[in-house]
There are 2 protein chains.
Amino acid sequence: MLRPSWSPPSRGRAPLPPPRRRGDLVNPVQPANAGIDTAGVAELLERGRTLAMPVLRAAVGRLAAPMDTVAAYHFGWIDAAGRPANADGGKAVRPALALLSAEAAGAPPEAGIPGAVAVELVHNFSLLHDDLMDGDEQRRHRDTVWKVHGPAQAILVGDALFALANEILLELGTVESALAARRLTAATRRLIDGQAQDISFEHRERVSVAECLEMEGNKTGALLACAVSIGAVLGGADTRTADALERYGNHLGLAFQAVDDLLGIWGDPEATGKQTWSDLRQRKKSLPVAAALEAGGPAARQLGELLATDAGRHAAGADEGLPTEDFDEAEFALRASLIEEAGGREWTVQESRRQHDAALAALDGVELPDAVRRQLVTLADFVVERRG
Amino acid sequence: MLRPSWSPPSRGRAPLPPPRRRGDLVNPVQPANAGIDTAGVAELLERGRTLAMPVLRAAVGRLAAPMDTVAAYHFGWIDAAGRPANADGGKAVRPALALLSAEAAGAPPEAGIPGAVAVELVHNFSLLHDDLMDGDEQRRHRDTVWKVHGPAQAILVGDALFALANEILLELGTVESALAARRLTAATRRLIDGQAQDISFEHRERVSVAECLEMEGNKTGALLACAVSIGAVLGGADTRTADALERYGNHLGLAFQAVDDLLGIWGDPEATGKQTWSDLRQRKKSLPVAAALEAGGPAARQLGELLATDAGRHAAGADEGLPTEDFDEAEFALRASLIEEAGGREWTVQESRRQHDAALAALDGVELPDAVRRQLVTLADFVVERRG
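Residues numbered from 1 in each chain as written. Chains lettered and ligands numbered in written order. Predicted model: local features only at pLDDT ≥ 70, side-chain atom pairs only at ≥ 80, totals over all residues. Heavy atoms only, no water.

### What to know about the overall build of chain A
Phase 1 of the analysis: Across its full length, chain A carries 16 helices and two strands.
Phase 2 of the analysis: Taken over 388 residues, chain A has a buried fraction of 55%.
Phase 3 of the analysis: Accessible surface, chain A as shown: approximately 15,600 Å² in total, 51% of it carbon and sulfur. (Helix = DSSP H or I, 4+ residues; strand = E, 2+ residues; numbered from the N terminus. Buried < 20%, exposed > 50% of the residue type's maximum accessible area, 1.4 Å probe, protein only. Areas by Shrake-Rupley, 256 points an atom, 1.4 Å probe, with all protein chains shown as cover.)

This is how it looks when you write it as structure tokens:
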């Protein structure tokens, strides 16, 4: 079967808006809706960490030396010298979703734990390999595994985490666990497709909005979709419910990524923990850039010429370090305002809302416990209104 | 579950023989038994290729561009310029075993095809990653994938083949396919353990016979064991039969590897397609070396001193190219004869026979169709008597 049973992310999209003048837009980074239950979201994330992390640690402890140590460093449990540490291991959104997913099927959250662990293992397998492929030296303010333990260990331990993810599910030996493993495998294939697309984009001057959405759906949507359905599958949900949850997760992932792309240009460094103009520094072909270039008009043309010149400067010399490290702040500000003037910012804000609405629409007509439905709605609201 | 349900390869071993004088040994490279049905073996391998390869090609064709092309290059179906090719894709022993395995369960050979394809995908995933980790630039007389398409593609396409292997099995959606996927996952974990051990041995001056056997069991035994049992699992065999076939495959893999280690030192380049003294050139810590060093006596001591000096010479300078490229033939000949004098050659010959016998003993008391049993015996004979 070439296609997973759920719908791939829609490649159709709303028409691009006409270019707008600068200053015309609401700031998407300011919450429009102050009524979101952020305490509820924090609690959900905390529950995911509390229930899934000990099982994740036990699973990683199965790896033979020195792979167990390298993995523990990656997860932030030890430092490079092997001393216990408690580094930022990320928000752990996926484990939280997997537990909520089990409750969506009327099962206790604990039924989702093997799914939470398996998804988190696949997520970290992809981080280990992507960091090496992309040459990224830092992740969450720490040196990446290949930088500390060498490329061979990054490859090997990534492979081991991927295998372990399948093991965790398949050793349950139930019909449900085999179905869960199948969905995880399909999601992993999409994750790998997304990374292949991301790599190919690096060598291109332009990426269309459709291509950008497809790549982001694969890199971010697929595994979130798996997280939010795998607990339900393990909890005995029927295919229709699991598929609906998967569609919800796909759109949630795309909404999340659209906001990430906005924050990557206009985010507050205090809130995001990234540099100002972060994605512009890395010359990332993100949604606002693709939408701006596709919109046409004078700002889009000027932006296109600037980015082509940037690519030439990059190819000509500064291949070491950040491609734009010799830029001053005014150069980034100019690019950001052209993207905004061409309509790329507003289009991306609207896209995050379309994906948010599509996520909620995916749950229509599916029976879910009221509390679970409320939490899924809150999570979708949180994702589009977050500032960091 | 930390341990797979079948027995890991025995770490116990026969005591080392006393050192023997040179010239005292039969040449293990000369077939002792001319009565092996080599035509039958060739036919079995040919059947594996005929039935499994079209399905393998279709599976690889599922990969998104450019991963499909990179994989096709790796398998030898196209050359580096993308033109159709028909390069040596290896003996394809594993697919042949998987089809025979289905027949062992009384099923038609075709029932083993998804298993044959999945095992071949995992085997090639490991080749892609191992070649990159080990820095090997050539495989089967062609540039390796990382050399032609870059490290990122080698990592990515390896990952994709691994995911595809699980997909091929799990999409069958049967109880048997989930059991098969579970065994494949366990074998893949051992494969990764074996590579981790192999890498760690590179940084050590000495490796014990027990460590060497464990590494070889993981790197060679695990996937052969999976190949020879996965068809039976897909064909509905009970656990006892599948476990017995897995034990057979484990011992077959160790017998194969022992002979490989003999051929790596004393093989005829005409028959093996490798250079003379191939493993000595690479300073490989193979079984004959480990057994010789462990045997003690004057030859073992002289050998140990020589190898320590070699390691020093390697560390001091020639880190590029083969570590022993400035050696002349007499230096290799001296090392080979010391290994033989210390008893390392003879011990490895005996070890290959012990593993051969253990493989056959694993089949005792298991009901198998007569023709299948005969072919399993022939294969085991073939493995220990082969010259290349």
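### Regarding helix 1 (residues 38-60) of chain B
Residues and elements named next belong to chain B.
Phase 1 of the analysis: Here helix 1 spans 31 Å end to end across 23 residues, near enough to the 33 Å set by a 1.5 Å rise per residue.
Phase 2 of the analysis: In the structure, helix 1 departs most strongly from a straight axis at alanine 52, where the bend amounts to approximately 40 degrees and where the proline proline 54 lies between one and four residues downstream.
Phase 3 of the analysis: Along its buried surface, helix 1 packs onto helix 2 (67-75), helix 3 (93-104), helix 4 (113-134), helix 6 (151-170) and helix 16 (370-385). (Expected span 1.5 Å × (residues − 1). Bend = angle between axes of the 7 residues up to and from the residue. Contact = heavy atoms within 4.5 Å.)

### Section: the relation of the copies chain A and chain B
Phase 1 of the analysis: Expressed as a screw operation, the relation of chain A to chain B combines 0.0 Å of axial shift with a rotation of 180 degrees, fitting to an RMSD of 0.0 Å. Classification of the inter-copy transformation places it as that of a two-fold axis. Residue alanine 178 of chain A of chain A places its C-alpha closer to the rotation axis than any other residue of that unit, at 2.9 Å.
Phase 2 of the analysis: The overlap is high: 100% of the interface residues of chain A also sit at the interface in chain B, so the same surface is used on both sides. (Least-squares fit on C-alpha atoms with pLDDT ≥ 70 in both.)

### Points about the interface of chain A and chain B
Phase 1 of the analysis: The interface of chain A with chain B comprises 33 residues on the first partner and 33 residues on the second.
Phase 2 of the analysis: Interface area, chain A with chain B, both sides summed: about 3,200 Å², of which 70% is carbon and sulfur.
Phase 3 of the analysis: Considering only the surface of chain A that becomes buried against chain B, Leu156, Leu170 and Arg189 of chain A emerge as the three largest contributors, covering 18% of it.
Phase 4 of the analysis: Our count for the contact surface shared by chain A and chain B stands at two salt bridges.
Phase 5 of the analysis: With a closest N to O distance of 2.9 Å, glutamate 167 of chain B and arginine 189 of chain A form a salt bridge.
Phase 6 of the analysis: The interface formed by chain A and chain B holds four residue pairs in polar contact (both at pLDDT 80 or more) in total. (Buried area = accessible area lost by both parts, 1.4 Å probe. Salt bridge = Lys/Arg side-chain N within 4 Å of Asp/Glu carboxyl O. Polar contact = N/O pair within 3.5 Å; in protein donor to acceptor, adjacent residues only side chain to side chain.)

### Description of the packing of aromatic side chains
Phase 1 of the analysis: Going through the model one piece at a time under the given rule, you end up with seven aromatic pairs over all chains.
Phase 2 of the analysis: Measuring from centroid to centroid gives 4.6 Å for phenylalanine 125 of chain B and phenylalanine 162 of chain B, while their planes differ by 20 degrees, and the two rings are stacked. Within this pair, whereas phenylalanine 125 of chain B is found in helix 4, its partner phenylalanine 162 of chain B is found in helix 6, the two being separated by 37 residues in sequence. Assigned by exposure class, phenylalanine 125 of chain B and phenylalanine 162 of chain B land together as buried.
Phase 3 of the analysis: Relative to phenylalanine 332 of chain B, the ring of phenylalanine 327 of chain B has its centre 5.6 Å away and its plane inclined at 35 degrees; by these criteria the two rings are tilted. In terms of burial, phenylalanine 327 of chain B and phenylalanine 332 of chain B fall into one category: buried.
Phase 4 of the analysis: A cation sits over an aromatic face here: arginine 354 of chain A above tryptophan 347 of chain A, 5.1 Å from the ring centre.
Phase 5 of the analysis: The cationic tip of arginine 142 of chain B hangs over the ring face of tyrosine 73 of chain B; the distance from NZ or CZ to the ring centre is 4.2 Å. (Phe/Tyr/Trp six-rings, centres within 6.5 Å; stacked < 30°, edge-to-face > 60°. Lys NZ or Arg CZ within 6 Å of the ring centre and 35° of its normal.)

### Side note on helix 15 (residues 344-362) of chain A
A turn of α-helix holds 3.6 residues, and therefore any two residues three or four places apart point the same way.
Residue and element names in this part refer to chain A.
Phase 1 of the analysis: With 19 residues, helix 15 ought to run about 27 Å at 1.5 Å a step, and its terminal C-alpha atoms sit 26 Å apart, in line with that.
Phase 2 of the analysis: All of the buried residues along helix 15 are Gly344, Arg345, Glu346, Trp347, Thr348, Val349, Glu351, Ser352, Gln355, His356, Ala359 and Ala362.
Phase 3 of the analysis: Looking at the packing, one finds that the buried side of helix 15 touches helix 8 (209-234), helix 9 (239-266), helix 12 (287-295), helix 14 (329-342) and helix 16 (370-385).

### Description of the side chain of arginine 190 of chain A
Phase 1 of the analysis: Structurally, arginine 190 of chain A is set in helix 7 (residues 175-202).
Phase 2 of the analysis: One buried charge, arginine 190 of chain A, has no salt-bridge partner; the nearest side chain with opposite charge is glutamate 246 of chain A, at 6.6 Å. (Lys, Arg positive; Asp, Glu negative; His and termini not counted.)

### Topic: the packing of helix 4 (residues 113-134) of chain A against helix 6 (residues 151-170) of chain A
Residue and element names in this part refer to chain A.
Phase 1 of the analysis: Running from N to C, helix 4 and helix 6 point in directions that differ by 160 degrees, and their axes come no closer than 8 Å. Relative to helix 6, the element helix 4 is oriented roughly antiparallel. Viewed along their axes, helix 4 and helix 6 form a crossing whose handedness is left-handed. The residues of helix 6 that touch helix 4, namely those facing Pro114, Gly115, Val117, Ala118, Leu121, Val122, Asn124, Phe125, Leu128, His129 and Leu132, are Pro151, Ala154, Ile155, Val157, Gly158, Asp159, Leu161, Phe162, Leu164, Ala165, Ile168 and Leu169.
Phase 2 of the analysis: Class assignment of the residues belonging to the contact of helix 4 with helix 6 gives a composition of 18 nonpolar, four polar and one charged. (Axes fitted to C-alpha atoms, helices over the stretch in contact; angles between N-to-C directions. Parallel < 35°, antiparallel > 145°, perpendicular 65-115°, else oblique. Left-handed = near helix turned anticlockwise from the far one by under 90°. Nonpolar A, V, L, I, M, F, W, Y, C, P; charged D, E, K, R; others polar.)

### Observations regarding the packing of helix 6 of chain A against helix 6 of chain B
Geometry of a packed helix pair, given as the angle between the helix axes and the separation of the axes.
Phase 1 of the analysis: Where helix 6 of chain A contacts helix 6 of chain B, the axes come no closer than 11 Å and their chain directions differ by 15 degrees. Viewed along their axes, helix 6 of chain A and helix 6 of chain B adopt a mutual orientation that is roughly parallel. Every pair of crossing elements has a handedness; the one defined by helix 6 of chain A and helix 6 of chain B is right-handed. Residues Ile155, Asp159, Phe162, Ala163, Asn166 and Leu170 of chain A of helix 6 of chain A lie in contact with helix 6 of chain B, whose contacting residues are Ile155, Asp159, Phe162, Ala163, Asn166 and Leu170 of chain B.

### Considering the environment of glutamine 350 of chain B
Phase 1 of the analysis: Residue position: glutamine 350 of chain B is located in helix 15 (residues 344-362).
Phase 2 of the analysis: Linking glutamine 350 of chain B and alanine 255 of chain B, residues 95 residues apart in sequence, is a C-alpha distance of 9.8 Å.

### Quick notes on the nonpolar core
Phase 1 of the analysis: If you look at the biggest cluster of nonpolar residues, it comprises 173 residues, and the most contacted ones within it are Leu161, Leu184 and Tyr248 of chain A together with Leu161, Leu184 and Tyr248 of chain B.
Phase 2 of the analysis: The dominant element in this core, judged by the number of residues it contributes, is helix 6 of chain B, at 14 residues.
Phase 3 of the analysis: Non-local contacts of leucine 184 of chain B, meaning those with residues more than four positions away in its chain, are made with Ala118, Val119, Val122, Ala165, Leu169, Leu223, Cys226 and Ile230 of chain B. (Core = buried A, V, L, I, M, F, W, Y, C linked by side-chain atoms within 4.5 Å.)

### Remarks on the confidence of the model for chain A
All names here are of chain A.
Phase 1 of the analysis: Of all residues in chain A, 89% have pLDDT values of 70 or greater, and the mean over the chain is 89.
Phase 2 of the analysis: Taken together, the stretch residues 1-15 has pLDDT below 50 and engages in 30 contacts with residues farther than four places along the chain or on a different chain.
Phase 3 of the analysis: Low pLDDT (under 50) marks residues 17-32, which in the prediction has 27 contacts with non-local residues, meaning those over four places away or in another chain. (pLDDT = per-residue confidence, 0-100.)

### Considerations on the environment of leucine 127 of chain A
Phase 1 of the analysis: By the element assignment, leucine 127 of chain A lies in helix 4.
Phase 2 of the analysis: Between the C-alpha atom of leucine 127 of chain A and that of histidine 74 of chain A, which follows or precedes it by 53 residues, the distance is 9.3 Å.

### Some details on the pattern of salt bridges
Phase 1 of the analysis: For the structure on display, the rule yields 40 salt bridges over all chains.
Phase 2 of the analysis: Among the ionic pairs, lysine 219 of chain B bridges to aspartate 130 of chain B, the shortest N-O distance being 3.8 Å. Placement of lysine 219 of chain B in helix 8 (residues 209-234) and of aspartate 130 of chain B in helix 4 is noted, with a sequence separation of 89 residues between them.
Phase 3 of the analysis: Between arginine 204 of chain B and glutamate 211 of chain B there is a salt bridge; the shortest N-O distance is 2.7 Å.
Phase 4 of the analysis: Judged by its relative accessible area of 28%, glutamate 211 of chain B falls in the partly exposed class.
Phase 5 of the analysis: Three or more residues are tied together by salt bridges with common partners; here these are Arg62, Glu167 and Glu171 of chain A together with Arg189 of chain B.

### Considerations on empty space enclosed by the protein
Residues and elements named next belong to chain A.
Phase 1 of the analysis: Per the counting criterion, the structure on display carries nine cavities of 30 Å³ or more.
Phase 2 of the analysis: In this structure, the largest cavity occupies an estimated 220 Å³ of space.
Phase 3 of the analysis: Lining the largest cavity are 20 residues, with Arg283, Lys284, Lys285, Val289 and Leu307 positioned closest to its centre.
Phase 4 of the analysis: At the level of elements, helix 11 (278-281), helix 12, helix 13 (298-316) and helix 14 are the ones that each hand at least two residues to the lining of the largest cavity.
Phase 5 of the analysis: With four residues, the top contributor of residues to the lining of the largest cavity is helix 13.
Phase 6 of the analysis: For the lining of the largest cavity, the per-class residue count stands at 10 nonpolar, one polar and nine charged. (1 Å grid on protein atoms, 1.4 Å probe; cavity = no way out; pocket = protein on both sides within 12 Å on 5 of 7 lines; lining within 4 Å. Points joined across faces, edges and corners; volume = space filled by probe spheres on them.)

### As for unusual backbone geometry
Excluding glycine, a negative phi dihedral is what most residues carry, and trans is how most peptide bonds are arranged.
Phase 1 of the analysis: The omega torsion across alanine 65 of chain A and proline 66 of chain A is 0 degrees, close enough to zero to call that bond cis.
Phase 2 of the analysis: Structurally, proline 66 of chain A is set in the loop between helix 1 (38-60) and helix 2 (67-75).
Phase 3 of the analysis: We note that histidine 141 of chain A has phi near 65 degrees; this positive angle belongs to a residue other than glycine.
Phase 4 of the analysis: A positive phi angle, near 55 degrees, is found at arginine 283 of chain B, a position not held by glycine.

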